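Structural features, examined
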Amino acid sequence: MNSDYKISKLEAIFLILIVMINKIILNVPKSIIRLTGTGSLVNIIFVGALALILVILIVKLFKNFPNEDIIDVSEYIGGKILKTIVGIGYIILFGIVICTVIIRFTELLKVVYFENSPYIYITGFFLIAIGFANKFGFKSIIKTNFIILPFIFASIVFILFGISNYISPSSLYPILGNNIKNTFVDGISNIFAFSGIAYLFFTSPLLKNKKDLKSIGITFIILSTLFLFIVVGALLLVFPFITHSEELLSVYILVRLVEFGEFIQRADALFIYLWIISAFSYLSIALMFILNIFKKLTHATEHTELSFSLCSIILGITLLLKDSNLLSFIEDVIYKYYLIIFVFGISTIIMLLANIKKKFFKKSPAPNNQVKT
Amino acid sequence: MTKKRIISLLLILFVIVAFMGSYDVEGIEDLAYVIAIGIDKSETNPDNIKLTLQIAKPKDKESNGTEPENLSIECPTFDTGLSTLNNSIDKKINLSHCTAVIISEELAKEGIEPFVLNLSNNTELRPTCHLFISKNKCEDFMNTVANSPDFSSGIYTATIKSSLSSSYTTESLLYDFYSTLRYDIKNPTGIYVGNTKEKAEILGIAVFKRSKLVGILTGTESISHNILKNKLETCSVLFPNPFEEGKNMTANLSLAKNSDFKVDLQGDTPHITCNIFVEARISSSQTTNDDYTSEEELDKINEALNTFLTTSIRNYLYKTSKDFNSDVIGFEGALRKQFLTMDEYSSRVDWDKFYPNSEFDIKINSVIESSYLFRKH
């Protein structure tokens, strides 16, 4: 990042949690339920435990590289070629995130409120906002996120209270879903729900106190598992049909039921408003990471100046990806497996190799001490 | 810096101007608020439906409140009917305040899945909209409601609230109906209504087997239904007076705690045990000299009430299982709890085939809480 600002432990947890919250608002709970049915709750605990092991491993691997992120570490073990490959890999990942989130929210807003507004207006609205946020810089994005996240958390808790009248406990059974293989073997791919782990590979150099990385990772996994468990549970309890259906945004359908007596009815607008702000924050963070990687790959000095150029490219891509079948394929297949293979697999292997190199070839300079040509 | 601020301001203005038009284009005076939707079979074309919309119009400036206007049209689908009606009036039809969807019994017997799916997919319509099944034509029912001297835009909600407080029907929400259609753990129900020329009223519960209407439960059977569904608010039941043959007593019932079920599968026969917990207060009797202070007398009353409730609930359960083959309570959910996986469950159970063979064991745990103001007459 171009700023010297270092983030606190809580800011770092919030930074990663906003990713998770947005994934929960978007269709991640639905994707989990689609794969594992009524076994989803057990599956979440299972993949949550796996994610926790993975995070502890990643944190341990970063102990020897407290001031480096995955891009620096890639350069350390594979030189510029590996650095560029990994950098582009992450740019693609964050790019997919931005495009899919914008398209999903645009679809929702178009269906619910702006039926007659052109698609490009709504998409443009998101991109202008995140473009500006990145012009203002790293600190403002982190601070804004720090203010927003508690409200988003509160909104989800509020939803759970609002739907408590509609729950039907028997729809959670059979507890292990379709079969044990489906829940524990095929269901491992649901680990993609913990996509916030990708951001953990970039967090260490941003921290005020590098030792906080472990507690940040563990807190993130525990809170994410808890929230996923609650939201998936709520969906299964209120809409048992969700295991058999296809809908726009499952959490939005849940929100439509929220009524508090005669006084507060149709509160969905309030939730959508909060979610839009949350999406702004999430998208700004994803764009911030893209710009940061771009800076590392090209040594650009004024990388934030590129934010609107990148937004224009993203606008073009989102217009190309409007087809809902194509988007579902990207979300459910490409993004899911790309994340698992590239982030949870390749990035962890790179960290492992870097640790081996550091241990056995102690003469190799640490990535930040390498002479840049 | 100033240049940047000007650009930012221009951008903000651009966005505001761009969205302003779509924001205020539909004022309240431009919208016709639908309070109920009626769907009948077409009288002329068997493939069509007759759509009736009840719109609440503001009365003239001198008097407050609203007055109803019913619009009807024959159309192939709900959406085409809505578009045509939209075209025929000078305001845009808005469904966001609709509280009732009424479907005729005749149409419900043929299956209402397409209508429920269509309506559930509409973002304007509330998922908490009530679903009625009308004994008569919906148009007639809605006309009777419209001519009621008590008409207001909240008439349907008020009627349901009043009926639910006596437990003579059960709540049937559009989202819940859609959910039960899509997920086979229980069968859906609707609020059964009917009308004469003067009066529209709630008559009981319409029982469905998936999307088809298969039977009707009367007001008293609805009480058994609500007890088993844990939806009983309060109700009055008339049961035989244990002290004098041919005379009756009235008890006000409420649930002491939620009913629970145990389903034990023996071969192809489900043995269903229902544990029911009710509290009762004796409110009136056809005899005099009743004493609700003596424990012995209260025990006798309790026994008489238990016998009455057991018979009522058993009759209700055999009616829904043997006559309708419709598990509206969701006993299948209780059975699924005993299996770890769906594969194991599916290989062992064919609930649609087994449910009509069900045998019920009703255990009533009632507590008589004396009476109201007078404990001895």
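Notes on the structure follow. Not measured: the values here are computed from a predicted model.

**A word on the interface of chain A and chain B**
Residue-level contacts link 32 residues of chain A with 31 residues of chain B. Roughly 2,900 Å² of surface becomes buried between chain A and chain B when both sides are summed, with 65% attributable to carbon and sulfur atoms. Three residues, Phe241(A), Arg256(A) and Arg266(A), lead the burial of chain A against chain B; their summed loss comes to 20% of the area buried on that side. In this structure, the connection of chain A to chain B is made through zero salt bridges.

**Concerning the pattern of salt bridges**
All names here are of chain A. Within the structure shown, the criterion is met by 18 salt bridges over all chains. Here Arg104 ties to Glu331 by a salt bridge, and the two come within 2.7 Å at their closest N and O atoms. Highlighted residues: Arg104 in helix α4 (residues 70–112) and Glu331 in helix α13 (residues 324–360), separated in sequence by 227 residues. Here Arg104 and Glu331 have matching classes, each one buried. Three or more residues are tied together by salt bridges with common partners; here these are Asp69, Asp72 and Lys296.

**Re a negative patch on the surface**
On the surface, a cluster of negative charge is made up of Glu295(B), Glu296(B), Asp299(B) and Glu303(B). Tracing the backbone shows Glu295(B) in helix α9 (residues 295–323).

**Regarding the pairing of strand β7 (residues 189–195) of chain B**
All names here are of chain B. Within β7, seven of the seven residues are buried, which leaves it mostly tucked inside the rest of the structure. With three bridges connecting them, strand β6 (residues 130–134) and β7 associate as parallel partners. Each residue of the ladder has a partner; that of Phe132, found in β7, is Ile191. As paired strands, β7 and strand β8 (residues 200–209) are joined by seven bridges and run antiparallel to one another.

**Some points on the packing of α4(A) against helix α11 (residues 268–298) of chain A**
Residues and elements named next belong to chain A. Where α4 contacts α11, the axes come no closer than 9 Å and their chain directions differ by 155°. As summarised for this structure, α4 and α11 are arranged roughly antiparallel, according to the angle between their axes. In this structure, the crossing between α4 and α11 has a hand that is left-handed.

**Focus on the packing of helix α5 (residues 119–136) of chain A against α11(A)**
Residues and elements named next belong to chain A. Here α5 crosses α11 at 55°, and the two axes come no closer than 9 Å. What the angle tells us is that α5 and α11 run oblique. Considering how the two elements wind past one another, α5 and α11 form a crossing that is right-handed. Residue-level contacts link Phe125, Phe126, Ala129, Ile130, Gly131, Ala133 and Asn134 of α5 to Ile276, Ala279, Phe280, Leu283, Ser284, Leu287, Met288 and Leu291 of α11.

Basis of the calculations
- Residues numbered from 1 in each chain as written.
- Chains lettered and ligands numbered in written order.
- Predicted model: local features only at pLDDT ≥ 70, side-chain atom pairs only at ≥ 80, totals over all residues.
- Heavy atoms only, no water.
- Contact = heavy atoms within 4.5 Å.
- Buried area = accessible area lost by both parts, 1.4 Å probe.
- Salt bridge = Lys/Arg side-chain N within 4 Å of Asp/Glu carboxyl O.
- Helix = DSSP H or I, 4+ residues; strand = E, 2+ residues; numbered from the N terminus.
- Buried < 20%, exposed > 50% of the residue type's maximum accessible area, 1.4 Å probe, protein only.
- Patch = residues over 30% accessible without salt bridge, like charges linked within 9 Å, V, L, I, M, F, W, Y side chains within 5 Å.
- Areas by Shrake-Rupley, 256 points an atom, 1.4 Å probe, with all protein chains shown as cover.
- Lys, Arg positive; Asp, Glu negative; His and termini not counted.
- Charge placed at Lys NZ, Arg CZ, Asp CG, Glu CD.
- Pairing = 2+ DSSP bridges.
- Axes fitted to C-alpha atoms, helices over the stretch in contact; angles between N-to-C directions.
- Parallel < 35°, antiparallel > 145°, perpendicular 65-115°, else oblique.
- Left-handed = near helix turned anticlockwise from the far one by under 90°.

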